[in-house]
Each structure stands twice: as structure tokens, then as C-alpha cells.
Amino acid sequence: VWISPEGAASLAMADGDGPRKITRTAFQPFAWTTESAQPDPANARCERLEGEGQLTHLAHFADVAAYRAWQEQRPRNADSESLRSLESQFLLQRAARLFSGLTLSHLRRVQVDIETGCGEPGGFSDASRAGDRVLAIGIGTALGPRLLELKAMTHEAERDLLEEFNRVLAEEDPDVIEGHNIFKFDLDYLRTRCRRFKVPCAWGRFGQEATWRPSRLRVAERQLDFPRYDLPGRTVFDTYLMVQLYDLAARELPSYGLKAVAQHLGLTKAEHDRTYLAPAAIQETFAHDRERFRAYLRDDLRETRALADLLLPGYVAQAKTFPMTLQDACLRGSAFKAEILLLEKYYLARRALPTPPPARPFEGGYTRGFVAGVFKKVLHFDVASLYPSLLLLIGRNPSGDSL
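What you see is a predicted model, and the numbers here were worked out from it, not measured in a lab. Residue positions are counted from 1 within each chain, in the order its sequence is given. Under the rules for a predicted model, residues below a pLDDT of 70 receive no local features and side-chain atom pairs below 80 are neither given nor counted, while totals for whole chains, interfaces and linings still include all residues. Calculation of side-chain values draws on the structure's entire complement of heavy atoms; hydrogens and water are dropped beforehand.

1. Structural notes on unusual backbone geometry
Note: most peptide bonds trans; most residues except glycine with negative phi. Which entries qualify depends on this criterion: By the criteria applied, helices consist of DSSP H or I runs no shorter than four residues and strands consist of E runs no shorter than two, each listed in order from the N terminus. For the exposure calls, accessible area comes from a 1.4 Å probe over protein chains only, and a residue counts as buried if that area is under 20% of its type's maximum, exposed if over 50%, partly exposed in between.
For Phe206, which is not glycine, the phi dihedral falls at a positive 60°. Here Phe206 lies in the loop between helix H4 (182–197) and strand E12 (211–219). The buried category is assigned to Phe206, whose relative accessible area is 13%. With a phi close to 55°, Arg350 is a non-glycine residue in the positive phi region. Assignment of secondary structure puts Arg350 in the loop between helix H10 (334–349) and helix H11 (386–394). Classification of Arg350 by relative accessible area gives partly exposed; the value is 26%.

2. Here we look at empty space enclosed by the protein
Stated precisely, the cut-off is as follows: Both cavities and pockets are sets of points on a 1 Å grid over the protein atoms alone; in a cavity a 1.4 Å probe fits but cannot get out, in a pocket the set is open with protein on both sides within 12 Å along at least five of seven lines, and lining residues sit with an atom within 4 Å of a point. Grid points are joined across faces, edges and corners, and a volume is the space filled by probe spheres set on the points. Residue polarity follows a fixed list, in which Ala, Val, Leu, Ile, Met, Phe, Trp, Tyr, Cys and Pro are nonpolar, Asp, Glu, Lys and Arg are charged, and the others, Gly among them, are polar.
Under the criterion given, the structure shown has one cavity of 30 Å³ or more. Each pocket or cavity is described by its volume, and for the largest cavity that value is around 30 Å³. Looking at the largest cavity, the residues that line it are Val112, Phe165, Leu169, Ile177, Ile182, Leu187, Trp203 and Leu231. The residue makeup of the lining of the largest cavity, split by class, is eight nonpolar, no polar and no charged.

3. With respect to the side chain of Arg97
Under the convention used in this document: Two N or O atoms form a polar contact when they lie within 3.5 Å of each other; inside protein one atom must be a possible hydrogen donor and the other a possible acceptor, and for residues adjacent in sequence the pair counts only when both atoms belong to side chains. A contact between two residues is defined here by any heavy atoms of the two lying within 4.5 Å.
Mapped onto the secondary structure, Arg97 falls in the loop between helix H2 (86–93) and strand E8 (109–116). A polar contact is formed between the side chain of Arg97 and the side chain of Glu344, at a distance of 2.7 Å. When sequence neighbours within four positions are dropped, the list of residues in contact with Arg97 reads Leu91, Ala319, Lys320, Thr321, Phe322, Pro323, Leu341 and Glu344.

4. As for the sheet that holds strand E1 (residues 2–3)
Worth spelling out the cut-off: For two strands to be treated as a pair, DSSP must find no fewer than two bridges joining them.
If you trace the three strands from one edge of the open sheet to the other, you get E1-E2-E3, paired in antiparallel fashion. Two strands bound the open sheet, and with one partner strand each, they are E1 and strand E3 (21–25). Pairing of E1 with strand E2 (residues 9–13), which is carried by two bridges, proceeds in the antiparallel orientation. From the neighbouring strand, Ile3 faces E2, where its bridge partner is Ala9.

5. Observations concerning the sheet that holds strand E14 (residues 235–238)
The following threshold applies: Structural elements are reduced to axes, namely lines fitted to C-alpha atoms, with helices fitted over the stretch in contact, and the angle between N-to-C directions of any two is expressed from 0 to 180 degrees.
Taken in spatial order, the five strands of this open sheet run E10-E9-E8-E11-E14, and their pairing is mixed. Whereas interior strands pair on both sides, the edge strands pair on one side only; in this sheet they are strand E10 (144–149) and E14. Strand-to-strand twist of the sheet, defined as the mean angle between neighbouring strand axes without regard to direction, takes the value 25°. Here strand E9 (residues 134–141) pairs with E10 via six bridges, running antiparallel. Residue pairing for E10: Ile139 is matched across the bridge by Arg146. Lying over the sheet, helix H5 (residues 239–246) contacts strand E11 (176–179) and E14, oriented at roughly 55° with respect to E14.

6. With respect to the layout of surface pockets
Its boundaries defined by the atoms lining it, the largest pocket holds a volume of some 1,300 Å³. Around the largest pocket, the lining is made up of 45 residues, and of these Val1, Trp2, Glu87, Gly233 and Thr325 lie nearest the centre. Listing elements by their share of the lining of the largest pocket, those giving two or more residues are E1, E2, helix H1 (64–73), H2, E12, strand E13 (222–230) and helix H9 (326–331). Computed from the structure, the second largest pocket encloses a volume of approximately 1,100 Å³. Along the walls of the second largest pocket sit 27 residues, with Pro354, Thr355, Pro356, Pro357 and Pro398 positioned nearest its centre. With five residues, H10 is the largest single contributor of residues to the lining of the second largest pocket. Residue composition of the lining of the second largest pocket, grouped by class: 15 nonpolar, seven polar and five charged.

Here it is, written out as C-alpha cells:
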């Protein structure tokens, strides 16, 4: 699903093995407000919600423009609540979910990996330098890899390569585009080169181009900054970010590079099972040993798909559970996912949103280690979701939560 700036909802519907069926329907953004913060009735339809709480009114706006204008006029305080993602608003309004009735095998997935050249011997390729260019774009598909290669070391040939990538992506029409460090390297590099040659980043559905913004993902004690790319009607699945979330519990991966992860997880059984190239040797190999270069690119695509096979299913299950896009399921935290389910229940019941309890310090669980040292034999066990289970068992809930 994608919501246009004008406010129409565009849907890509699975229709057997044929092309995705595109439909469009009306959409009205909404927000919860206090009685005093209601928008102008000329721009929104407001209703009083049942029950007591802080946000007692629900406003449905005439269009996205009216909604955005109202948001810009309001100070950031507690007199309103809304969901930033219009796609989440659309799904929540209808109690709908992405991929409903589909399994993972129904998703159209491709893997994207680019190889780039560098004009400085031993240096790292820089998309902003005129002479550092895209040498090849590998696209892994269900039928095998498609390798798009530079025909000559010229700007005209690179422009043709970028335009060919747009055509092939539209032809494959994927639901999910997978890549390792695809946000920070592949898509960012392609965007910079597309801008140089005035080629549109036509990677989305519904005739839409990609958009991007600086973003941040929290992984335990670390903050990962990256450029988030949003492709209308598609999901970008970055295995580099997702494998770091995967490793939170075990903390056993030696590094998060594709080759090291594939070796550690057994996706590549041994070193002789794949082709390795040093980054500084890629351009030279492209020029003088094209078959070895192609083998290296195909192996990158194969390992990326194998890693996504491991990591993607859990997030698809979340997208089928929560009213949010698959990309948000990957990049938003668990607290937001719990909250959006509660917001959906209150929205559908037309009940006032509860007043948040005041913040106060509280003590956590008491733990103590009675022995120090190395434990040779460990029986691992985990009490999953202990606090929610206890609350359900004893029938307790926050005092303001009327539902």
C-alpha cells in the first residue's frame, strides 16, 4: 500500500502468478485530539469518543493537505496523537494487514548488489567522483541471477546501465528488494550516480520514485545511522542491519560483513565454495577476468538471499500481525508495535485514548550471581514475556486503560 501526497491509497494486490493488480481507493487521515485542539470543521469531521481520557475527540481530515497543514500549525504537546505513517493509518482504519492470506513463497523477492570501480589505486570507490562508476548491478531473482554490466568505461554507458536497472526492476516488479548494506552503500551509490546523469530513481511501484531521509536504528547500546530509502509499494530489506538485531542475544558473529556472516551461519560451507575478491581488485578483475568477476557477484547474491531466507520470515509475520508496512516492521521498535495495536483497538471501538500515567521511578527484578567464573555446562532457559503473562493471569491493567 502507498498513500499519495494527494491522499489516494494505491494497492498492489496479488492475483495468482500474474502481475500484481493495481487498485486505488479513497483515504482520509485522522488524529486524536482534546476538545480544545479540534481542527477547523471546514477541513475535518470531528466526533466525540466514548469514555473518559485525555484525547476525547477523533478528527478525520478532508485530505492529506489539510492534515499536514493542521500538523504544522500545532505545537508538539499532549493535546493530539497521530501516526506518522499514512500507510499505517490506512491499515489501522480498516483493521487490515499486508500479505493477508499469503505465505512467504508468494512474495516476489529480488536481491540487489552493485560492484563499483575506483579511479584511485587502492582507494575506496566514491560515487561523488566523476570517474568512480558502477561497473555492474546484480539482480537475484527466483529464476536465477541477472547481471547488468557496463558496456564501456564512459558516462554514456553508465547512464545506459542505470536506465537498464530501472527497466529490469519494473519488469521483475518485486515486493521486497534485499541487499547487504543496501541502504548505506548500494542504493546511496546508485542515487548519487542517477543524480549525476539525471536518471530518475524509478524503483517504486505506481510510477513512483524512491525517497530517502536520514534515519537511525537502535541495536542494544549502539545507534546505527543510515539513509533510509522508501520505495512506494515495495520493501527494502537490509540484511546488514537485520543480522545485527539477530545477533543481539548470542553476540557470536565475528563481524557483520556478508562473507563472515555467511561463513559463520553455514550459508557458505567452506572458502572454496565461493569466489572471493579484495575490494581493490574488483575493477581489475572486471577488466581482465570477467568470468571470475561474475562468479563473485553471483556468490554475493546467493549469500544475500540465503541470509534473507533466515531473517525475513519473522518480519513478514509481524507485518501480517501489526497495521504497518513490512519496512516499518523491520525498522521500528517493539514498543511502537505494541502501542499501535492498542491504538487500533481504541480507534475501532471509538473510545477516548487513556491519559498516560505520570512517569515515576521503579525497581526492576532482583538478580544475583552466586558463583563467579567460567561455567562449562549450561542449561539455557528463558521465561518469555513474564510480566505480560502475570498481568493476564491476575487480571490487572493500567487504571486509565478502560478497554
